[in-house]
Structures are given as structure tokens and as C-alpha cells.
Amino acid sequence: MRIARRALIGFMAAGFLAAATLTNSHAQQAPATLLIRGATVIDGIADAPIRDRSILIEGNTIRGLLPANADAPAGALVIDLTGKFIIPGLFDSHVHWDPFMGELLVNHGVTSILALDNLPKALRTRSQAAHDLPRLFHTGARPQFNPNSSDADISQTIRNWLQSEPDMAWFPQYTTRFSRAYKFAAEEAHKAGFLVFSHTDHAPDAVRDGIDILEHVWGYAEALMSFDELKGFQDGKMLTWATRLNDWGKLDAWMADAIRAGVYMNPTMNYEWGGVSRRSPQRELEDYRVISNPDLVYFPRNMSDSILARNRQIKNFSSRYDSMPWVAKLPAQDRTEFVAGYDNVREFNKRWVAAGGKIQAGTDIITGGVPGLALHHEMEMLVESGLTPMQALKAATSWSAEILEGKNKARGDAKIGSIRAGNFADLVVVSADPLSDISNSKKIERVMKDGRWVELGYHPEYFTFTQRPRSLAAATFAPTISAIEPSKVMEGSQNVRVVLEGSGFMMTSLVRVNGVSVKTKFLGPRRLEFEMPASAIERAGPNPYFAPGPTQSAAPIGDRAVSVHVFNPPPEGGTSNTVHQLVLPK
């Protein structure tokens, strides 16, 4: 009894202290009952906004939409938000979770995420009510199997995976070699009530074998390639897969098959194609404004630099360039090809939704942009694809939330992603109509999570990295030089063209001679070319091992050697090893 009383007193004291420290009216504990009047409601379900309803909230739950003039329940707090627009809390369905992301996500109205990771149960439990975290759903430990795995091994793998209490299955990349094992694993996941999400090298076959959510679009382009084209693509000889996404007769039929099977598309547009979007300069500025906030001191510099660069880069799969070449540095013909590929992907997204399919606005963060803000950018790019603003909002709310309901809704209602009775009270209040301009979704005035208004803003103490932050996917790294040609030159030579061989060379790589940068020509990820400055090789001596005079001995020992290294500028980047070019005396 004494222990129970002390626990109760401690709990009450903690509650009083917490209440005393909340000075922001938006962050204060909501009353037991709240009625929000006047706002236009976009519930994430209907195809039109709702202009004549009030939202009734009890505790952390939406109780329903009442007539606009309905009397408030006894004891309810009434808030008039006339002129504002209310959308459901946003759901990012494609996140590579990092603990520093929490505040950023919630500040941008992202109240739930699906982490492609195995998150601790205590963290997931705390996130349901915490105001500095979105609701964390996860895929659990990724089931590992291969084409040779037996049915018994796969069944055991799925049983082991279920112990992590997943919300969805994230499988290894589908290839035709995986067909038997993948199909059996998908059946096992479906029996347990879960949907399956993964990359695929052949989307129609993956749909046949049980995939439910297609991660990226390229699996349809690969399915259209001939054997030789596919091998060329896999060998890095094709600039972009997206130019092969052009047989609309086959694609329409394949899309119809997938949509009948209830398959979703997760195209990650901002990550892969943001650099060729007409709005990329505006998005770069928006990213910078967030990242430069002085209270976001914990945002890793290597990540922020990479995210800003993404707005000027394009995702590349060929061996012709590095993984994320700069769009402005591409030859005109290659840039045109990338833009044509982007147009194909936009057309694909448009046709998918026009045929009745559902898209999930997943971002692939952190690679895909600034956590939280990236989801708004993804919605913008879906509208650029031809979706309506309402469809783009559904992609970031109710359509994405459906994945939590499992196969054939075996896991029940998601309780997020829409404004309807029984759902969690996760809401975003914006000051302008997102249906007239999807960019208005960023004009956030209030965020409600779990029935309480969130105190918007950032806190420098929110997170501390105790080890070096990870690099982004396809980040720049330090190059390596393996050879220099010519390795020897005669003193006084002019116009000497030098080729470096190695790896990790980029379109922005700089050769430095004796520490000084020189104009560099990018020949490919393994070759750079530059002109050796005549001043660096004008003399082979003096020889430092002998005093000057009649006994001067010009020998190989002591002849000048010019140092050469390559510098990859930020984001990330680094300096290569140093090689030397020998300067021979005449």
C-alpha cells in the first residue's frame, strides 16, 4: 500500500510539473471533449471537401463529424477555425528511420510513419502518445531467404520474423530466380495477415507471386526489356531504365492485373526524379530554410549537404556517371533522355491512378529529402504526374494507411490516415486550401497528435549523435587513383594531357597538382583527364642530394616528382591517395 501511495503521489507530482511547464497554448493538454467548428474538412476518404461539419474529439479519439450548428456537448471546449482547412495527420509509408527525425516529422504534420527497420517495442509504444515523435510502425526484422531456401526454412523464417511484431512485411528484392521461394514466403506472410513490400526486377511476375506494394517503378520497365537490353541495363550500359517504360498497351494490361489484385505503387518520385522537376529550385530553397534553422543543430551536416544536392541531381543506374550526377553538368543529349524518362514515369503514375490504382506517397527518407518536408514535396511531384491534389493527399493519408490493415483487412482498421469516427485524433490545420494548390499543405498552423495540440518548433537538445551519422544512399565518397598516364614527362614539356585511372570519380571531381586545383575533364567514373601545368614540370631539378657546381650529377634519385590527387567536393566526398609523375632531365 505504501508503495502504491508513493507511486500515485509521484505520478501526480509529475503531472503537475508537466502541466506547469507547458506555456504554449497549442501544447496544453486538451480537454476531455473538444469541438472544432468552422474549418473545411478534407477527411482523406471523400472525393470532395466537407464544408458543413464540425469535428468532435473525445480524449485521443475522433468521435464523429457533427452538423456545423450542432450544440457542443456539456463541458466541451469549442474552437472556431473558420477559414482554415483540416487534413488528416500525414503518413510517410517509406522511411529509413533515424532517431533524430522525430521533431522534423511532427512539425511538418507527419504524425505516423512506416519504418523499414526493426524498432524496439518500448520506442514504438512510447511513440503512440509522444508529441516529439510520429507514431512508429515498422516492418520488423527483414525475413531473409534465397532461391534455394526450402519451404520449411522459409516457414521458420516467417515465424521468427513474426516475433518482432511487424506491421508489414519487407522482403528481399524479387527476381525471377526468386519466384518459387518468394511466392511461398508471400503466402506465409498473407496467412499471418500481412502485406508484402519490396523491390522487384519484374513487376508483373512479382504481382503474380504475391507482392502487394511495389517499391519504385523500375520493375515495370525491366519487364519490358529484351534479354539483351536487360543485361545491358544490369551491366550499366543503359543511361536510364525509364526510357523503356513506353509500351503502354502492355503496361496498361499489367497495371490492370495489379490493381485487381489490390497492389499499391510506392514510386518515390522526389528521391529519384526531383532534380529534373521544374520546381526543384524552390524545393532546394525550402530544404535550406529548414536545415538552416539554428535550433536544428543536431541535423547532421553530411546529410543536410546531401539533401540539398539531391535537388540538382538525378538518380543514375548507368556506369557512365556516378550514382547521382549533377543535372546541369550532363551533356544535353543525356539530360534530354533523363527528362524523357521522367515524363514516362509521370505518365505511368497518372495511368495507374486513372485505372483505379492507389499510390503511396512514401519518401525513402533520409535519402529522399528533409524528414517531414519531403512528404509534401512527394505530393507535389504526384500532382506534377497528373494526380489531383485530392489524390495526392490520399496517397499521403488514407491510401498509405491501408497497408497497416493487412491482407484483406485481416489486421482491422488502421485508425490513422483519415478523419472518421473511431480514428486517432491526428490532424493538421493549414491556412490555405491544399485542393487549389497542393503546396498549401505546407502552410501548417497547428498539428494535433493523439488528441493534443503539438508545440511546434525545434529544440537543440532533442538529439545528440554519439557516433558519426551514417551516409545517405548513393552519397559521395573519397575516390581512389590506381594509375597515372604518362607516369614520366621530360622537363620543359608543354600541353601534356594526363589521364588518371581509378574509381569513385564524379562529374564534380577536381584534380589537384602539388595541392593546386586544375581544370578537370570527367571521362567516366574510372577516368579523369587534365592538362599538367607547364610550371609544375618546367625543371627536373635542382637535385637536393648534391651541392650545385661542376660535380652536379643528374640522376634518377632526387629528380622532381609532381604530386597528384583527386578531391571530391561535398556533400561528403573526400581526398584520394596521392600519385606522382616523375619529371626527367633533358
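Coordinates for the structure precede this section.
The residue count restarts for each chain, going from 1 along the sequence in the order it is written. pLDDT decides what is reported in this predicted model: residues at 70 or higher carry local features, side-chain atom pairs at 80 or more are listed and counted, and totals for whole chains, interfaces and linings draw on all residues regardless. Side-chain numbers here rest on the full set of heavy atoms in the structure, without hydrogens or water.

S.K.: Quick one: what's the story with the overall build of the protein chain, residue by residue and with numbers?
M.R.: The number of helices and strands found in the protein chain is 16 helices and 27 strands. Expressed as lengths along the three principal axes of its C-alpha atoms, the size of the protein chain is roughly 110 × 60 × 50 Å. Buried residues are those whose accessible area, probed at 1.4 Å on protein chains only, stays under 20% of the maximum for their type, while exposed residues exceed 50% and partly exposed ones sit between those limits. Each of the 586 residues in the protein chain was classed as buried or not, and the buried ones make up 56%. Counting contacts in the protein chain only where the partners sit at least 6 residues apart, residues at least 24 apart contribute 67% of the total. A total of about 25,200 Å² of accessible surface is found on the protein chain, and carbon and sulfur atoms cover 53% of it. In the protein chain, 62 side chains carry a positive charge and 62 a negative one; their mean positions are 2 Å apart. Under the scheme used here, helices are H or I runs from DSSP no shorter than 4 residues and strands are E runs no shorter than 2 residues, and both carry numbers assigned from the N terminus. Any two residues whose heavy atoms approach within 4.5 Å are treated as being in contact. Only the protein chains shown count as cover for residues, and all accessible areas are computed by the Shrake-Rupley method using a 1.4 Å probe. A positive count includes Lys and Arg, and a negative count includes Asp and Glu. His and the chain ends are not counted in either. Here the site of a charge means atom NZ of a Lys, CZ of an Arg, CG of an Asp or CD of a Glu.

S.K.: So, the packing of aromatic side chains: which residues are in play, and what are the values?
M.R.: A ring pair, where both rings are aromatic, is described by two values, the distance of the centres and the angle of the planes. Ring pairs are drawn from Phe, Tyr and Trp, using the six-membered ring of Trp, whenever the two centres fall within 6.5 Å, and their geometry is named by plane angle: stacked under 30 degrees, edge-to-face over 60, tilted for the rest. Summed over the entire model, instances satisfying the criterion amount to 20 aromatic pairs. With 6.0 Å between their ring centres and 75 degrees between their planes, Trp241 and Trp273 make a pair best called edge-to-face. Linking Trp241 in the loop between helix H8 (227–234) and helix H9 (248–260) with Trp273 in helix H10 (residues 269–273), this pair joins segments that are 32 residues apart in sequence. On the basis of relative accessibility, which here comes to 1%, the residue Trp241 falls in the buried class. Taking the relative accessible area as the measure of exposure, Trp273 reaches 3% and is therefore buried. Three or more aromatic residues joined by ring pairs make a cluster, and in this case those are Phe145, Phe171, Tyr174, Phe178 and Tyr182. Two conditions define a charge located above a ring, namely a distance within 6 Å from the ring centre to NZ of Lys or CZ of Arg, and an angle within 35 degrees of the ring normal. A cation over a ring is seen here: Arg346 above Tyr342, with NZ or CZ 4.8 Å from the ring centre.

S.K.: Describe in detail the sheet that holds strand S7 (residues 90–95), supporting the description with residues and values.
M.R.: Consider a sheet: its strands pair through backbone hydrogen bonds, and that pairing is either parallel or antiparallel. In short, DSSP must find at least two bridges between two strands for them to pair. Reading across the sheet, the three strands line up as S7-S8-S9 and stay open at both edges, with parallel pairing between neighbours. Since the sheet does not close on itself, it has two edges, and those belong to S7 and strand S9 (135–138), each with one partner. Taking the axes of each pair of neighbouring strands and ignoring which way they run, one obtains an average angle of 20 degrees across the sheet. Relative to strand S8 (residues 110–115), S7 is paired through four bridges, and the arrangement is parallel. By the bridge assignment for S8, Val95 is matched with Ala115. In this analysis an axis means a line fitted to C-alpha atoms, helices contributing only their contacting stretch, and an angle means the value between N-to-C directions, from 0 to 180 degrees. Set on the sheet, helix H14 (residues 373–384) makes contact with S7 and S8; between it and S7 the angle comes to about 95 degrees.

S.K.: Tell me about the layout of surface pockets, and please be specific about residues and values.
M.R.: Here a cavity denotes a set of grid points, spaced 1 Å apart and computed over the protein atoms alone, in which a 1.4 Å probe fits but from which it cannot get out, and a pocket denotes an open set meeting protein on both sides within 12 Å along at least five of seven lines; residues with an atom within 4 Å of a point are reported as lining. Grid points are joined across faces, edges and corners, and a volume is the space filled by probe spheres set on the points. Here the second largest pocket defines a volume of roughly 260 Å³. Along the wall of the second largest pocket there are 18 residues; nearest its centre are Asp322, Ser323, Phe477, Gly504 and Phe505. Amino acids outside the nonpolar list (Ala, Val, Leu, Ile, Met, Phe, Trp, Tyr, Cys, Pro) and the charged list (Asp, Glu, Lys, Arg) are all regarded as polar, and Gly is one of them. Looking at the lining of the second largest pocket residue by residue, the classes come out as nine nonpolar, six polar and three charged.

S.K.: Describe the pairing of strand S20 (residues 496–503), with residues and values.
M.R.: Where strand S18 (residues 480–485) lies against S20, five bridges are found, and the strand directions are antiparallel. When the bridges of S20 are listed, Ile481 appears paired with Gly502. The sheet contact formed by S20 and strand S24 (residues 527–532) spans six bridges and is antiparallel. Bridge assignment links Val499 to a residue of S24, and that residue is Glu529.

S.K.: Could you give an account of the environment of Gln144, with specific residues and numbers?
M.R.: Mapped onto the fold, Gln144 is located in the loop between S9 and helix H4 (151–162). In this structure, the C-alpha to C-alpha distance between Gln144 and Trp161, residues 17 residues apart in sequence, is 9.1 Å.

S.K.: Go over helix H12 (residues 301–310) with me, naming the residues and quoting the values.
M.R.: Most of H12 sits inside the fold, with eight of its 10 residues counted as buried. Among the residues of H12, Asn302, Met303, Ser304, Ser306, Ile307, Leu308, Ala309 and Arg310 are the ones counted as buried. If you follow the buried residues of H12, they end up packed against H10 and helix H11 (280–291).

S.K.: Please provide a residue-by-residue account of the packing of H11 against H14, values included.
M.R.: Running from N to C, H11 and H14 cross one another at 170 degrees; their axes reach a closest spacing of 11 Å. Between H11 and H14, the crossing angle belongs to the class labelled roughly antiparallel. Contacts between H11 and H14 involve Arg283, Glu286, Asp287 and Val290 on the former and, on the latter, Leu373, His377, Glu380, Met381 and Glu384. Split by residue class, the contact of H11 with H14 holds three nonpolar, one polar and five charged. Oblique is the label for every angle not falling under 35 degrees (roughly parallel), over 145 degrees (roughly antiparallel), or within 65 to 115 degrees (roughly perpendicular).

S.K.: Could you give an account of the environment of Ile403, naming the residues involved and the relevant values?
M.R.: Within the secondary structure layout, Ile403 lies in the loop between helix H16 (398–401) and strand S15 (427–430). Along the backbone, Ile403 and Ser93 are 310 residues apart, and their C-alpha atoms lie at a distance of 8.6 Å. Look past the residues within four positions of Ile403 in its chain and what remains in contact with it is Phe91, Ser93, Leu114, Asp167, Met168, Leu195, Ile213 and Gln360.

S.K.: How would you summarise helix H5 (residues 179–191) if you had to cite specific residues and measurements?
M.R.: Multiplying 1.5 Å by the residue count of a helix minus one yields the expected span of that helix. Taking 1.5 Å of rise per residue, 13 residues should cover 18 Å, and H5 covers 18 Å from first to last C-alpha, within 8% of that figure. Where the residues of H5 are buried, they touch H4, strand S10 (169–170), strand S11 (196–198) and helix H6 (203–208).

Nothing here speaks to function; it is all geometry.
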